[in-house]
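A closer look at the structure
Here is what each chain is made of, one letter per residue.
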Amino acid sequence: MFRHVVLFTWTQEATDEQRARVAAELDKLPGAIAEIRSYILGTDAGVNPGNHQFAVVADFDSVDDYLVYRDHPLHQAVIAEHIKPILASRAAIQFEL
């Protein structure tokens, strides 16, 4: 099993609607990309200051399946059209389970 974790912080100008749209668009990907085994996303609970604001945790059977997801045109469109316009910072890691 291979896990991908990504954390986002949005720009101060990002609207609630834009942030909600990111979640809605990402939530469509498991139905469109068969290689995704598990896909969890969520907004930070606001308990600790300084956290990133949004997270995605995705599991795949293999590195190759992750690469299909990473490069998939639908995933790349969500990044280009919805994430990048409001992105202040991003952190990510991939690892074997």
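Just above, that's the structure.
All values reported here derive from a predicted model rather than from experimental measurement. (Residues numbered from 1 in each chain as written. Predicted model: local features only at pLDDT ≥ 70, side-chain atom pairs only at ≥ 80, totals over all residues. Heavy atoms only, no water.)

Moving on to the side chain of His82. Mapping His82 onto the fold places it in helix H4 (residues 73-83). His82 gets classed as buried once you look at its relative accessible area, which sits at 19%. Excluding residues within four positions of it along the chain, His82 makes contact with Arg21, Val22, Glu25 and Ala77. (Helix = DSSP H or I, 4+ residues; strand = E, 2+ residues; numbered from the N terminus. Buried < 20%, exposed > 50% of the residue type's maximum accessible area, 1.4 Å probe, protein only. Contact = heavy atoms within 4.5 Å.)

Now for H4. Among all positions of H4, only His75, Val78, His82 and Ile83 are buried. What you see down the axis of H4 is that its buried residues fit within an arc of 75°, all on one side. The exposed residues of H4 that point more than 90 degrees off its buried face are Pro73 and Glu81. Those residues of H4 hidden inside the fold are in contact with strand S1 (2-10), helix H1 (16-27), helix H2 (29-32), helix H3 (63-71) and strand S4 (87-96). (Arc of directions from axis to C-beta.)

In the structure shown here, the tally under the stated rule is six salt bridges. In this structure, Arg3 and Asp59 form a salt bridge, with 2.6 Å as the shortest nitrogen-oxygen distance. Of this pair, Arg3 sits in strand S1 while Asp59 sits in strand S3 (residues 54-60), placing them 56 residues apart in sequence. Connected through salt bridges with shared partners, the residues Arg21, Glu25 and Lys28 form a single ionic network. (Salt bridge = Lys/Arg side-chain N within 4 Å of Asp/Glu carboxyl O.)

Mapped onto the elements of the fold, Pro49 is located in the loop between strand S2 (36-43) and S3. On a C-alpha basis, the gap between Pro49 and Arg3 in space is 26 Å, while along the polypeptide they are 46 residues apart.

Counted by the stated rule, this structure contains eight aromatic pairs. Between the aromatic rings of Phe8 and Trp10, the centroid separation amounts to 5.3 Å while the plane-to-plane angle is 15°, which identifies the pairing as stacked. One exposure class covers both Phe8 and Trp10, and it is buried. Relative to Tyr66, the ring of Phe60 has its centre 5.7 Å away and its plane inclined at 70°; by these criteria the two rings are edge-to-face. (Phe/Tyr/Trp six-rings, centres within 6.5 Å; stacked < 30°, edge-to-face > 60°.)

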